[in-house]
Amino acid sequence: MIYDKHIFICTNQRVPGTRPSCGEQEGLALVQEFKRQLNHKKLPISVRAQKCGCLDVCEKGPMVAIYPDAVFYGGVQVKDIQEIIESHIEGQQIVSRLEVKEK
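Residues numbered from 1 in each chain as written. Predicted model: local features only at pLDDT ≥ 70, side-chain atom pairs only at ≥ 80, totals over all residues. Heavy atoms only, no water.

Colleague: Got a minute to help me understand the overall build of the chain in this structure?
Modeller: Scanning the chain from terminus to terminus reveals two helices and five strands. Listed N to C, the secondary structure of the chain is β-α-β-β-β-α-β in terms of helices and strands. For the chain, the C-alpha radius of gyration of 13 Å lies close to 13 Å, the compact-globule estimate for 103 residues. Across its three principal directions, the C-alpha atoms of the chain cover 45 × 25 × 25 Å. Summarising the internal contacts of the chain: among those between residues at least 6 apart in sequence, 60% fall at separations of at least 24. (Helix = DSSP H or I, 4+ residues; strand = E, 2+ residues; numbered from the N terminus. Rg over C-alpha atoms; globule rule 2.2 N^0.38 Å. Contact = heavy atoms within 4.5 Å.)

Colleague: How should unusual backbone geometry be read in this particular structure?
Modeller: Negative phi is the rule for most residues except glycine; trans is the rule for most peptide bonds. Across the junction of Gly61 and Pro62, the peptide omega takes the value 0°, indicating a cis bond. Here Pro62 lies in the loop between strand S2 (47-52) and strand S3 (64-67). Despite not being glycine, Ala70 shows a phi value in the positive range, around 55°. With respect to the secondary-structure elements, Ala70 resides in the loop between S3 and strand S4 (71-73). Ala70 gets classed as partly exposed once you look at its relative accessible area, which sits at 44%. Phi at Gln92 takes a positive value of approximately 60°, unusual for a residue other than glycine. Along the chain, Gln92 turns up in the loop between helix H2 (81-90) and strand S5 (99-100). (Buried < 20%, exposed > 50% of the residue type's maximum accessible area, 1.4 Å probe, protein only.)

Colleague: Teacher, can you tell me more about the packing of helix H1 (residues 24-40) against H2 here?
Modeller: When two helices pack together, their arrangement is given by the angle between the helix axes and the distance between those axes. Packing of H1 against H2 leaves a shortest axis separation of 10 Å and a crossing angle of 50°. Relative to H2, the element H1 lies oblique. The element H1 and its partner H2 pack so that their crossing is right-handed. Contacts between H1 and H2 involve Leu30, Glu33, Phe34, Gln37 and Leu38 from the former and Ile81, Gln82, Ile84 and Ile85 from the latter. Counted by class, the contact of H1 with H2 contains six nonpolar, two polar and one charged residues. (Axes fitted to C-alpha atoms, helices over the stretch in contact; angles between N-to-C directions. Parallel < 35°, antiparallel > 145°, perpendicular 65-115°, else oblique. Left-handed = near helix turned anticlockwise from the far one by under 90°. Nonpolar A, V, L, I, M, F, W, Y, C, P; charged D, E, K, R; others polar.)

Colleague: For this particular structure, what's the right way to read the nonpolar core?
Modeller: Most often, soluble globular proteins have nonpolar side chains that are buried together. Ranked by size, the top nonpolar core spans 19 residues in total, and within it Ile7, Ile9, Phe34, Val64, Ile66, Tyr73 and Ile84 carry the most contacts. Filtering out sequence-adjacent residues up to four positions away, Ile84 remains in contact with Phe34, Ile66, Tyr73, Val76, Ile89, Val95 and Leu98. Cys10, Val57, Ala65 and Phe72 belong to the second-largest nonpolar core, a separate cluster that totals seven residues. (Core = buried A, V, L, I, M, F, W, Y, C linked by side-chain atoms within 4.5 Å.)

Colleague: Please clarify how the pairing of S2 should be interpreted in this entry.
Modeller: Each regular strand carries side chains that alternate between the two faces of the sheet. Relative to S2, strand S1 (residues 5-10) is paired through six bridges, and the arrangement is parallel. Residue pairing across strands places Lys5 opposite Val47, the latter belonging to S2. Each parallel crossover has a hand, and for S1 linked through H1 to S2 it is right-handed. (Pairing = 2+ DSSP bridges. Right-handed = clockwise from strand over helix to strand, strands pointing away.)

Colleague: What should I look at first to understand the pairing of S3 in this one?
Modeller: Sheet analysis places S1 next to S3, joined by four bridges and oriented antiparallel. Within S3, the position partnered with His6 by the bridge is Tyr67. Here S3 runs beside S4; their pairing, made up of three bridges, is antiparallel. In the strand pairing of S4, Ile66 is matched with Val71. Taking the residues between adjacent antiparallel strands as the criterion, S3 and S4 are bridged by three residues, where Ala70 takes a positive phi near 55°.

Quick look at the structure:
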């Protein structure tokens, strides 16, 4: 496996008035902050954070998916990133308050 953990952050943008979307602006801020925080840590595993298209759980966004764990986090804000990295990436503990289990 190339990465031990792969963090996908939705940046999908839709036309106003249609189905909600995570939004490019919010999503890109999350991508930037995940990358910034991960770069400052000396993790013993390889982790990549990157933008992605729609994860199809739009109503619960902004969405973040972490693989190979197949964990989806919804309503993620920049203030949540440190907790996700420390609890999930480093501590192998899902952040239950943000976890999305169903569409």
